Amino acid sequence: MKKIDFNNNWICYQKGKRESAFALSLPHDAMLLDEKDSKSVCGVNNGWIMANDYVYEKTLKADPEWKDKNISLYFEGVYHKANVYINNVKKAYHHYGYTHFMVDITDEIDFSKDNILRVEVTNSDQPNSRWYSGTGIYRPVWLEVRPKKYIKPFGLKIKTVDFRKGILELSVKTNAAGSLKAEIFDPDGNKVWEKTVVTDGDCRIKAGIDKPKLWNSDSPDLYNCKVTFGEDSCEEKFGIREVSLTKDKGLCINGKRKLLLGACIHHDEGILGAAEYDFAAYRKIKILKDNGYNAVRSAHNPCSEAVLRACDELGMLVMDEYVDMWYMHKTKYDYATEVESNFAEDFVDMVDKDFNHPSVIIYSTGNEVGESAQERGIKLCARMTEELHRLDPTRPVSCGINIFFNLLSSMGFGVYSDKKAEQEAADTGKKKAVGSEFFNNLAGLLGADFMKWGASLYPCDLKTKGAFAAMDVAGYNYGIKRYEHDLKKYPDRYILGSETFCSDAYKFMKLAKKNPRIIGDFVWSGIDYLGEVGVGSWEYADYAPDFSHGKGWVAAGSGRIDLTGKPLAEMSYTRVAFGIDKIGLAVVPVCYTDQKHSPSAWKMSNAMESWSWRGCEGADAKVEVYAKADHVSLFLNKKKLGTKRFNGDCKFVFKTKYHDGELKAVAFDGAGKKLAEKVLRTASEETVLTLEPENKRLEKNDLAYIRLKFTDKNGIVKPMERAEIKIEVEGGKLLAFGSACPYYIKSYLSDTADTYYGEALAIVKPDGGKKVKINAYSRIGNAEVEIEG
């Protein structure tokens with residue numbers, strides 16, 4: 001197969017407005033172009049955007065060499081309800097926005113003239129998602145040319161039969177009979193095995209690798225398999241590894257226990273919107289891995305191929321999830337109407353995409369599906385599990401169940417109703433909170449303990465045990481108070497914290513160490529995301545004029561890592577709880593100490609690693625120290641402020657007065673021996689604008705991420721400095737510019753951004769030249785930086 005990059009030289013326009021067409025390259029998120037309005041029916045789901053329908057067009061000049069060959073287009077993802085036309089002939093319709101699809105255009109290609117490809121995308125059918133979906137061809141597109149006799153798409157699958165002996169099974173599907181050759185190359189590129197066989201179109205080949213290098217999260221060694229069939233060939237990277245569940249060890253990779261230290265992630269790339277660039281996906285996964293996570297949950301839809309490639313290379317484990325709903329709607333126009341009839345076909349797509357990726361270790365059939373409390377839903381759960389087992393017997397199946405949600409929804413609370421929502425909208429101009437939004441609001445008002453307490457009630461067991469019995473691993477959303485009880489009651493059950501609060505990280509580690517059938521934890525969320533606005537935000541009036549989560553709110557605010565990829569204090573707490581770091585030190589913004597903020601159950605702390613609050617002399621300060629220690633002492637300018645002893649968590653809180661200088665925390669064991677220390681220092685009085693590229697040199701297809709900060713001359717960030725920054729780019733295109741603030745009224749497509757606690761982020765796509773140059777201007781100062789190409 002010849003795989004041709006088909007992402008350049010497109011035009012795009014809002015449906016019915018072709019005169020306003022503009023040129024672009026894919027991937028592309030047209031939703032960033034849409035206006036925001038307080039009347040948007042999407043409301044908090046997508047950040048008050050008035051979503052529109054868009055059309056993408058591209059001219060295709062057929063190469064004469066393609067004659068008598070099979071020609072198809074491969075779309076990795078289009079959101080959503082895509083209609084594909086070639087020369088005005090409709091060739092495909094694909095509903096679900098998160099699975100790939102292929103369009104055979106062989107019969108429509110005209111070799112005598114230009115061929116016009118048109119993709120029409122519907123997203124005005126709002127609301128259709130509980131988060132920011134993006135609009136359009138947001139993942140890459142490929143033109144695939146195959147000879148008459150070819151290997152079928154996704155026709156090569158590699159399965160580990162015995163990881164100890166290096167025994168593999170290659171499954172190869174072709175469209176005709178004939179001779180094929182299979183070769184395997186080790187991680188260094190050396191050929192280690194080959195075999196030629198005759199196939200009738202569907203064959204299985206046993207392969208043996210001497211002294212195999214095993215893939216796992218600590219040493220992600222990847223082999224390469226190449227299959228040649230006549231004039232056609234294909235290659236697949238894979239890892240030699242086995243996933244298993246045992247009562248004495250729990251989840252095992254290659255026979256050794258692997259505790260999942262996981263993070264839930266959405267599909268967007270922060271201020272880039274939904275556009276899925278390989279570099280952006282790799283960066284996101286690397287940031288998560290560098291901060292201590294070894295697993296991600298794709299909430300709540302199948303993740304991209306770019307994410308899987310990154311996870312394979314970096315050793316990040318993946319729970320790939322199917323949908324956010326089954327047959328009960330959470331929003332009026334979501335995928336619920338299609339799930340029961342489409343899931344088998346969707347699973348084929350999902351397994352095809354995932355099978356050869358060693359990083360994918362578990363499938364999830366859904367998220368917070370209240371249907372799982374009903375007999376019909378339990379049967380559907382079992383059918384889904386069985387179908388995934390049929391397609392892929394090598395991976396276990398789970399589903400994220402909100403335990404308290406199941407009980408309340410079975411009683412009629414929070415269940416979506418078009419009639420209720422429309423009546424509410426007519427009466428108040430606001431959409432009625434239903435489904436997960438209803439429970440998010442409730443938890444935000446009553447706190448995290450409310451949801452965990454509710455999950456511990458006896459009736460919750462009755463409303464979940466049927467569904468949990470129909471899956472391999474029981475996915476508990478906010479059910480940590482049930483873990484020990486349920487392990488005893490259900491001796492064959494494996495428990496996964498499929499969605500958890502950050503503040504439970506320490507408790508989870510204690511429980512998991514002594515209970516191997518607790519296989520892991522996925523915090524909500526690992527990195528902040530667009531949509532579901534304000535659900536995890538503690539924001540003050542200076543940055544968010546209102547706490548209603550109305551127009552102006554764009555992001556959830558619930559990441560341990562913020563929207564720009566910056567780790568927060570909650571990440572420091574998590575790293576200590578996981579045993580990665582010995583100590584962390586953070587401070588609640590002193591200028592806002594004890595001020596009112598927006599409510600959230602998903603924020604453990606809004607502290608930050610800074611002691612630079614000049615002008616706040618003598619003001620109350622709240623300091624947080626994270627350590628697994630007998631006691632912790634806090635010092636300011638070498639004067640001891642006090643000591644706190646362990647109280648059941650690795651979080652120690654001090655109240656003091658702010659003074660410029662040096663803040664130091666020291667952790668001690670029970671014998672008084674120093675375990676670790678952490679220091680924060682006040683920035684000097686002079687303020688400069690600092691441009692800090694994340695990548696010092698740009699390789700092909702890299703994106704340039706540039707952090708813009710107000711700092712002192714030593715680079716210490718000054719979070720109280722705030723100003724607009726305007727930038728100019730030479731040698732590239734500005735893709736996005738903005739800050740991590742969940743309330744952000746500007747467009748990420750603007751060349752001007754407002755800083756958030758002294759920082760902003762620019763993302764630039766290089767034009768292929770020798771360097772990219774960025775000039776930045778603000779009332780505080782100007783700066784420039786060059787990045788070599």
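Residues numbered from 1 in each chain as written. Predicted model: local features only at pLDDT ≥ 70, side-chain atom pairs only at ≥ 80, totals over all residues. Heavy atoms only, no water.

A short note on the overall build of the protein
Here is step 1: Looking only at helices and strands, the protein features 13 helices and 43 strands.
Here is step 2: The C-alpha radius of gyration computed for the protein amounts to 27 Å, which stays within 12% of the reference 28 Å derived for 789 residues, consistent with globular compactness.
Here is step 3: By principal-axis analysis of the C-alpha atoms, the protein measures approximately 80 × 65 × 60 Å.
Here is step 4: Counting every position in the protein, which comprises 789 residues, the buried fraction comes to 61%. (Helix = DSSP H or I, 4+ residues; strand = E, 2+ residues; numbered from the N terminus. Rg over C-alpha atoms; globule rule 2.2 N^0.38 Å. Buried < 20%, exposed > 50% of the residue type's maximum accessible area, 1.4 Å probe, protein only.)

Considerations on the side chain of E169
Here is step 1: Here E169 shows up in strand 12 (residues 167–174).
Here is step 2: On the basis of relative accessibility, which here comes to 18%, the residue E169 falls in the buried class.

A few points about the packing of helix 1 (residues 278–290) against helix 2 (residues 305–314)
Here is step 1: It is at 8 Å that the axes of helix 1 and helix 2 come closest, and there the two elements cross at 45°. Comparing their axes, helix 2 and helix 1 come out oblique. The two elements helix 1 and helix 2 meet at a crossing, and its hand is right-handed. Residues D278, A281, Y282, I285, K286 and K289 of helix 1 form the contact with helix 2, whose participating residues are A306, V307, R309, A310, C311, E313 and L314. (Axes fitted to C-alpha atoms, helices over the stretch in contact; angles between N-to-C directions. Parallel < 35°, antiparallel > 145°, perpendicular 65-115°, else oblique. Left-handed = near helix turned anticlockwise from the far one by under 90°. Contact = heavy atoms within 4.5 Å.)

A short note on the sheet that holds strand 35 (residues 674–681)
Here is step 1: Strand order in the open sheet formed by four strands is 32-31-34-35, and the pairing between neighbours is antiparallel. Whereas interior strands pair on both sides, the edge strands pair on one side only; in this sheet they are strand 32 (639–645) and strand 35. Strand-to-strand twist in this sheet, taken as the mean axis angle between neighbours without regard to direction, amounts to 15°.
Here is step 2: Strand direction decides the pairing type here: strand 31 (residues 631–636) and strand 34 (residues 662–668), joined by six bridges, are antiparallel. Bridge pairing links V632 to A667 in strand 34. (Pairing = 2+ DSSP bridges.)

Digging into helix 13 (residues 569–577)
Here is step 1: Most of helix 13 is tucked away: nine of the nine residues are buried.
Here is step 2: Buried within helix 13 are the following residues: A569, E570, M571, S572, Y573, T574, R575, V576 and A577.
Here is step 3: Buried residues in helix 13 make contact with helix 1, helix 12 (505–514), strand 29 (583–587), strand 30 (620–627) and strand 33 (651–657).

So, the pairing of strand 29
For a regular strand, side-chain orientation follows a simple rule: the groups alternate between the two sheet faces.
Here is step 1: Of all five residues that make up strand 29, five are buried, and the element is covered over most of its length.
Here is step 2: Alternating residues of strand 29 divide into I583, L585 and V587 and G584 and A586, and every residue in both groups is buried.
Here is step 3: Across five bridges, strand 29 lies against strand 30 in antiparallel orientation. Its bridge partner being in strand 30, A586 is matched across the sheet by E624.

Observations regarding the pairing of strand 26 (residues 473–477)
Here is step 1: In terms of burial, strand 26 is a largely internal element, five of the five residues being buried.
Here is step 2: What you see with strand 26 is no split at all: V473, G475 and N477 on one side and A474 and Y476 on the other are buried throughout.
Here is step 3: Sheet analysis places strand 25 (residues 397–402) next to strand 26, joined by five bridges and oriented parallel. Across the sheet, C399 pairs through a bridge with A474, a residue of strand 26.
Here is step 4: Bridge count between strand 26 and strand 27 (residues 495–500): three bridges; the pairing is parallel.

Brief notes about the sheet that holds strand 19 (residues 250–253)
Here is step 1: Taken in spatial order, the three strands make up an open sheet running 18-19-20, and their pairing is antiparallel. Pairing within the sheet leaves two strands with one partner each, and these edge strands are strand 18 (243–246) and strand 20 (256–257).
Here is step 2: As paired elements, strand 19 and strand 20 share two bridges and run antiparallel to each other. Residue pairing across strands places I253 opposite K256, the latter belonging to strand 20.

Describing empty space enclosed by the protein
Here is step 1: One pass over the structure, following the stated rule, counts eight cavities of 30 Å³ or more.
Here is step 2: Roughly 160 Å³ of volume is contained in the largest cavity.
Here is step 3: Considering the residues around the largest cavity, the lining is formed by 18 residues, among which Y79, Y96, N128, M325 and Y335 are closest to the centre.
Here is step 4: Among the residues forming the lining of the largest cavity, the class breakdown is eight nonpolar, six polar and four charged. (1 Å grid on protein atoms, 1.4 Å probe; cavity = no way out; pocket = protein on both sides within 12 Å on 5 of 7 lines; lining within 4 Å. Points joined across faces, edges and corners; volume = space filled by probe spheres on them. Nonpolar A, V, L, I, M, F, W, Y, C, P; charged D, E, K, R; others polar.)

Section: the nonpolar core
Here is step 1: Ranked by size, the top nonpolar core spans 169 residues in total, and within it I285, Y322, W326 and V625 carry the most contacts.
Here is step 2: V625 has contacts with I583, G584, L585, V632, L634, C650, K651, F652, F654 and A665, leaving out every residue within four places of it along the chain.
Here is step 3: Counting 30 residues, the second largest nonpolar core, distinct from the first, contains Y56, F75, F101 and V145. (Core = buried A, V, L, I, M, F, W, Y, C linked by side-chain atoms within 4.5 Å.)

Focus: the pattern of salt bridges
Here is step 1: In total, this model carries 52 salt bridges according to the counting rule given.
Here is step 2: Between D492 and K247 there is a salt bridge, with its nearest N and O atoms 2.4 Å apart. Pair noted here: D492 is in the loop between helix 11 (483–489) and strand 27 and K247 is in the loop between strand 18 and strand 19, with a separation of 245 residues, a long-range link.
Here is step 3: On the basis of relative accessible area, K247 is assigned to the partly exposed category, the value being 47%.
Here is step 4: A salt bridge links K674 to E677; the nearest nitrogen and oxygen atoms lie 3.1 Å apart. (Salt bridge = Lys/Arg side-chain N within 4 Å of Asp/Glu carboxyl O.)

Overview of unusual backbone geometry
Here is step 1: Geometrically, the link from Q126 to P127 is a cis peptide bond, its omega value of 0° lying close to zero.
Here is step 2: Here P127 shows up in the loop between strand 9 (115–121) and strand 10 (141–146).
Here is step 3: Cis geometry is adopted by the peptide bond preceding S525, which originates at W524 and carries an omega value of -15°.
Here is step 4: You can see S525 is positioned in the loop between strand 28 (518–523) and helix 13.
Here is step 5: Unusually for a residue other than glycine, W48 sits at a positive phi of about 65°.
Here is step 6: Inspection of the secondary structure puts W48 in the loop between strand 3 (22–24) and strand 4 (54–60).
Here is step 7: With a relative accessible area of 14%, W48 lands in the buried category.

Points about the side chain of D461
Here is step 1: As for its position among the elements, D461 is in helix 9 (residues 458–462).
Here is step 2: At 2.8 Å, the side chain of D461 forms a polar contact with the side chain of Y490.
Here is step 3: Excluding residues within four positions of it along the chain, D461 makes contact with R482, K489 and Y490. (Polar contact = N/O pair within 3.5 Å; in protein donor to acceptor, adjacent residues only side chain to side chain.)

Some remarks on the packing of aromatic side chains
Here is step 1: Counted according to the given criterion, the structure contains 30 aromatic pairs.
Here is step 2: Relative to Y138, the ring of Y98 has its centre 6.4 Å away and its plane inclined at 75°; by these criteria the two rings are edge-to-face. Placement of Y98 in the loop between strand 7 (89–94) and strand 8 (101–104) and of Y138 in the loop between strand 9 and strand 10 is noted, with a sequence separation of 40 residues between them.
Here is step 3: We classify Y98 as buried; its relative accessible area is 4%. (Phe/Tyr/Trp six-rings, centres within 6.5 Å; stacked < 30°, edge-to-face > 60°.)

Section: the environment of W611
Here is step 1: Note that W611 resides in the loop between strand 29 and strand 30.
Here is step 2: Residue W611 is classed as buried on the basis of its relative accessible area, which comes to 0%.
Here is step 3: Distance in space between the C-alpha atoms of W611 and L143 is 54 Å, their sequence separation being 468 residues.

Notes on the environment of A467
Here is step 1: Along the chain, A467 falls in helix 10 (residues 465–468).
Here is step 2: By relative accessible area, A467 is classed as buried at 1%.
Here is step 3: For the pair A467 and C399, spaced 68 residues apart in the sequence, the C-alpha separation amounts to 8.8 Å.

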